[in-house]
Amino acid sequence: MKTSIATVSVSGSLREKLQAIAAAGFDGVEIFEQDFIADESSPRDVGRLIRDHGLDITLFQPFRDFEGLPGAQRTKAFDRAERKFDLMQELGTDLVLFCSSVHPDALGGIDRAAEDFAELGERAAARGIRVGYEALAWGRHVNDHRDAWEIVRRADHPNIGLILDSFHTLGRGIDPETIRRIPGDRIFFVQLADAPRIDMDLLYWSRHFRNMPGEGDLDVRSFTRAVAATGYTGPISLEIFNDQFRGGNPASVARDGYRSLIYLMDDVRRAEPELTVDLPDMPARVAVEGTAFVEFASRGAEAQALEHLLETLGFAQTGKHVSKDLTLWQQGDIRIVINRERQDFAGTAFNVHGTNICDIGLSVTSACDTVQRATALGSEPFQQPLGPGQLDIPAIRGLGGSLLHFLDGSDRLSAVWASEFAATGTAPGAHGLESVDHIAQTMTYDEMLSWSLFYTSLFDMDRAPMVDVIDPDGLVRSQALKAAGNGFRITLNGAETHRTLAGSFLAESFGAPVQHVAFATDDIFATAQALAKSGFASLPMTENYYADLVSRFDIPEDQLALMKQHNILYDCDDAGAFFQIYSQPFAGGMFFEILERRGPYDGYGAPNAPFRIAAQKRQMRAKGMPRR
Ligand code: MG
Ligand code: MG
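What counts and what doesn't
Residues numbered from 1 in each chain as written. Chains lettered and ligands numbered in written order. Predicted model: local features only at pLDDT ≥ 70, side-chain atom pairs only at ≥ 80, totals over all residues. Heavy atoms only, no water. Helix = DSSP H or I, 4+ residues; strand = E, 2+ residues; numbered from the N terminus. Rg over C-alpha atoms; globule rule 2.2 N^0.38 Å. Buried < 20%, exposed > 50% of the residue type's maximum accessible area, 1.4 Å probe, protein only. Contact = heavy atoms within 4.5 Å. Polar contact = N/O pair within 3.5 Å; in protein donor to acceptor, adjacent residues only side chain to side chain. Expected span 1.5 Å × (residues − 1). 1 Å grid on protein atoms, 1.4 Å probe; cavity = no way out; pocket = protein on both sides within 12 Å on 5 of 7 lines; lining within 4 Å. Points joined across faces, edges and corners; volume = space filled by probe spheres on them. Nonpolar A, V, L, I, M, F, W, Y, C, P; charged D, E, K, R; others polar. Donors = N, O, S within 2.8 Å, 3.2 Å for Na, K, Ca; no water. Arc of directions from axis to C-beta. Domains from an automatic or database assignment. Buried area = accessible area lost by both parts, 1.4 Å probe. Salt bridge = Lys/Arg side-chain N within 4 Å of Asp/Glu carboxyl O. Pairing = 2+ DSSP bridges. Axes fitted to C-alpha atoms, helices over the stretch in contact; angles between N-to-C directions. Core = buried A, V, L, I, M, F, W, Y, C linked by side-chain atoms within 4.5 Å.

### Quick notes on the overall build of the protein
Alright, step 1. When helices and strands are counted, the protein shows 22 helices and 25 strands.
Alright, step 2. The C-alpha atoms of the protein give a radius of gyration of 28 Å, which matches the 25 Å a tight globule of 628 residues would have.
Alright, step 3. Its C-alpha atoms give the protein principal-axis dimensions of roughly 90 × 60 × 45 Å.
Alright, step 4. Taking all 628 residues of the protein together, the buried fraction comes to 59%.

### Observations concerning the environment of K2
Alright, step 1. Inspection of the secondary structure puts K2 in the segment before β1 (3-6).
Alright, step 2. Between the C-alpha atoms of K2 and G511, which are 509 residues apart in sequence, the distance is 36 Å.
Alright, step 3. Excluding its chain neighbours within four sequence positions, the residues that come into contact with K2 are D27, D56, T58, G234, P235 and I236.
Alright, step 4. Among the polar contacts made by the side chain of K2, one reaches the side chain of D56 at a distance of 2.9 Å.

### So, helix α4 (residues 71-91)
Alright, step 1. The end-to-end C-alpha separation of α4 is 31 Å, in line with the 30 Å expected for 21 residues at 1.5 Å each.
Alright, step 2. Taken residue by residue, α4 has A77, F78, A81, F85, L87, M88 and L91 as its buried positions.
Alright, step 3. If you follow the buried residues of α4, they end up packed against α2 (33-38), α3 (43-52), β3 (56-63), β4 (95-99), α5 (110-127) and β5 (130-134).
Alright, step 4. G92 lies just past α4 and shows a positive phi near 95°.

### Structural notes on empty space enclosed by the protein
Alright, step 1. Summed over all chains, the structure comprises 3 cavities of 30 Å³ or more.
Alright, step 2. Considered as a void within the structure, the largest cavity measures approximately 390 Å³ in volume.
Alright, step 3. In this structure, the largest cavity is lined by 27 residues; those nearest its centre are E295, D359, Q384, Q390 and H405.
Alright, step 4. Mapped onto the lining of the largest cavity, the elements with two or more residues apiece are β9 (288-297), β12 (334-339), α13 (345-353), β13 (356-364), β15 (403-407) and α16 (416-420).
Alright, step 5. By residue number, the principal contributor to the lining of the largest cavity is α16, which donates 3 residues.
Alright, step 6. The class makeup of the residues in the lining of the largest cavity is 15 nonpolar, 6 polar and 6 charged.

### Re the coordination of the magnesium ion (ligand 2)
Alright, step 1. The protein atoms that coordinate the magnesium ion (ligand 2) are H438 (NE2), H516 (NE2) and E593 (OE), at distances of 2.2 to 2.4 Å.
Alright, step 2. Counting residues between consecutive donors of the magnesium ion (ligand 2) along the chain gives the motif H-x77-H-x76-E. In this pair, H516 is assigned in strand β22 (residues 514-521) and E593 in strand β25 (residues 591-598), connecting sequence segments 77 residues apart.
Alright, step 3. Among the residues examined, H516 registers a relative accessible area of 7% and is labelled buried.

### What to know about helix α19 (residues 524-533)
Alright, step 1. All buried positions along α19 are accounted for by I524, F525, T527, A528 and L531. Seen along its axis, α19 keeps its buried residues to an arc of 160°; they face one direction.
Alright, step 2. The inward-facing, buried residues of α19 contact α12 (300-312), β17 (433-444), β22, α21 (557-566), β24 (577-582) and β25.
Alright, step 3. Sitting at the amino-terminal end of α19 is D523, which places a side-chain oxygen 3.1 Å from the backbone nitrogen of F525.
Alright, step 4. Positive phi appears at G535, one or two residues downstream of α19, with a value of about 80°.

### Describing the domain arrangement of the protein
Alright, step 1. We note that the domain assignment places domain 1 (3-271), domain 2 (288-423) and domain 3 (433-622) within the protein.
Alright, step 2. For domain 2 and domain 3, the distance between their C-alpha centroids amounts to 23 Å.
Alright, step 3. Taken together, the contacts link 39 residues of domain 2 with 34 residues of domain 3.
Alright, step 4. The junction of domain 2 with domain 3 conceals about 2,900 Å² of combined surface from both sides, 75% of it contributed by carbon and sulfur atoms.
Alright, step 5. Taken as a group, V288, L313 and L399 account for 21% of the area that domain 2 buries against domain 3, more than any other trio of residues on that side.
Alright, step 6. Across the contact surface, domain 2 and domain 3 share 0 salt bridges.
Alright, step 7. Counting the contacts that link domain 2 with domain 3 gives 4 residue pairs in polar contact (both at pLDDT 80 or more).
Alright, step 8. Every element with two or more residues in the side of domain 2 that touches domain 3 is listed here: β9, α12, β12, α13, β13, α14 (367-376), β14 (395-397) and β15.
Alright, step 9. Along the lines of polarity and charge, the residues of the side of domain 2 that touches domain 3 split into 20 nonpolar, 13 polar and 6 charged.

### Quick word on the sheet that holds β15
Sheets are built from strands paired through backbone hydrogen bonds, the pairs being either parallel or antiparallel.
Alright, step 1. Taken in spatial order, the 8 strands make up an open sheet running β14-β15-β13-β9-β12-β11-β10-β16, and their pairing is mixed. Across the chains shown, the open sheet's two edge strands, defined by having one partner strand only, are β14 and β16 (421-423). Neighbour to neighbour, the strand axes of the sheet diverge by 30° on average, direction disregarded.
Alright, step 2. Sheet topology places β13 next to β15; 5 bridges connect them, and they run parallel. The residue of β15 that forms the bridge with D359 is L403.
Alright, step 3. Where α12 meets the sheet, its contacts fall on β9, β11 (326-331) and β12, and the angle it forms with β12 comes to roughly 165°.

### Here's the deal with the pattern of salt bridges
Alright, step 1. Under the definition given, this model contains 40 salt bridges.
Alright, step 2. Across the pair E177 and R180 runs a salt bridge, and its minimum N-O distance is 2.7 Å.
Alright, step 3. A salt bridge links D473 to K617; its shortest N-O distance comes to 2.5 Å. Placement of the pair is D473 in the loop between β19 (467-471) and β20 (474-483) and K617 in helix α22 (residues 609-622), with a sequence separation of 144 residues.
Alright, step 4. Since its relative accessible area comes to 27%, D473 is described here as partly exposed.

### Observations concerning the nonpolar core
Alright, step 1. F98, F117, L313, Y455, F519 and F592 are the most contacted members of the largest nonpolar core, which totals 190 residues.
Alright, step 2. Once residues within four sequence positions are removed from consideration, F117 is found in contact with F66, E67, F98, V131, Y133, I151, A155 and I160.
Alright, step 3. A297, A349, F382 and A395 belong to the second largest nonpolar core, which has 9 residues in total.

### Comments concerning the sheet that holds β3
Alright, step 1. Spatially, the 8 strands close up into a barrel ordered β1-β2-β3-β4-β5-β6-β7-β8, and their pairing is parallel. For this sheet, the mean inter-axis angle between neighbouring strands, taken without regard to orientation, is 30°.
Alright, step 2. Looking at chain direction, strand β6 (residues 160-165) and strand β7 (residues 187-192) are connected through 4 bridges and run parallel. The partner of L164 across the bridge, within β7, is V190.
Alright, step 3. Running over the sheet, α3 touches β2 (28-32) and β3 and is turned about 135° from β3.

So, in structure tokens, the structure goes:
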């Protein structure tokens, strides 16, 4: 399998695009004619430039409005085609995409179109060129790959074949299983794109909202399985028109593209084991069992304040690192590390972001498999010099400058706590906090797809539908991801403006990746009482909030009184009930959340978010935060 991407999918000049595409690991590019025309070099030089990047030109695209034209217009269309054939020969590529006509004068008729292509096939053959025909979803007469295939079949010329595009098939709701009937050697090229399900004009949707396979809602997987079942062995290419990507960073868009393609093809191979999909071996998506640790980079008074906050939450310092300036805090299954080192990764992270969560440890089935899969998907393994007594724990760089370490049940890795930390002899605290329920990461809105693809391609995690969180100063999009078995959850919060709480955190922390961590308790009321005794300062909620709760839900008097007393927030749905307590913001806008899920409630209290955010903003104003 040759991996390819259309130049139109990536932002920048042709040279910037090629560099990003080659660096991401693709084998080839589709040259979008506009990108070529915008460049100053001759076709021959552009061709050389592409090959110098180690890339093949997999396709030249697009040629529009060819078939079905009458009289002089038909002659002109053939002349235009000849000129493009000249250009292709100079560029050094033999395959061109003809998309179905939208010309107002084009005449319908399968046979008429087939005759045009049979004649074109003769002219193409004379030049050693192949022509692929693609049904545009909004084509005037041909808008279905089944009709395009019938035209190709009747043209009956070895230089005329079919081009399939997942967007045009799936976007119109055409059953991709119909592809299985097409002989694989008659398919010349396959383009892939996903898209979010939005009801809008097909052309507008296609030109602005396509995204990488796995980022949208179309069944690109079934489409690709059907293609693979035909015996097709040509390039698999991404053709993504997306406003965000066009304005995004070329290198990261290209990396996401590569990740999505490898993820998809690996999936296809697993679903259709009898097929030969030429792809390096890689382990399947990794099961995450839970959060093994959360590591803060901090220093001085901020580190002391954080440790005090942990004490009021019922954590106890159970260990001190044997060679580094690290303290270990525990409660239930939760481990928090505070790293005051100046030299290592944490030191750098502190210098950039101030106090922040620089590293997350995940419990996985196999740490080695995780790093192997991550690397196959284009992630960078992480290593730093080990201090005395330190274990080499498998790790990768996450997004936003973060780190992910992986622990598993192997003897070597499960010994990390006992071998790296000297026990203080203090028993873990007992305020009822059992585990990390979720980790909330904040990023700009246009980075959200990238983060969500990062997690879902590496881990066995599913996406919940995106929800809008109403901040008094703007909208924040929130996307929850959940591991099978519920042991690991992440919420991704995409900020569009710095005036929102998420946006100001992002600006103030210079892009620190984690804004809050939520701990789970089995009994929020018992926990609230223990917290009150240890002097925990919860986020004050207003009378108005509780008055509104009473109008929406039946809450017994005594329970309501306790909720008011301890600033407990509430939500419920058909599945169950949900209770939350928030800490006051610290270190530039981070916070902790304590929650209880009663019944299989699967949400995150989104209806409470506007009131929680307003309360946090009041607090931050009162404390003169943000500080920087
Ligand atoms: Mg296409
Ligand atoms: Mg939360």
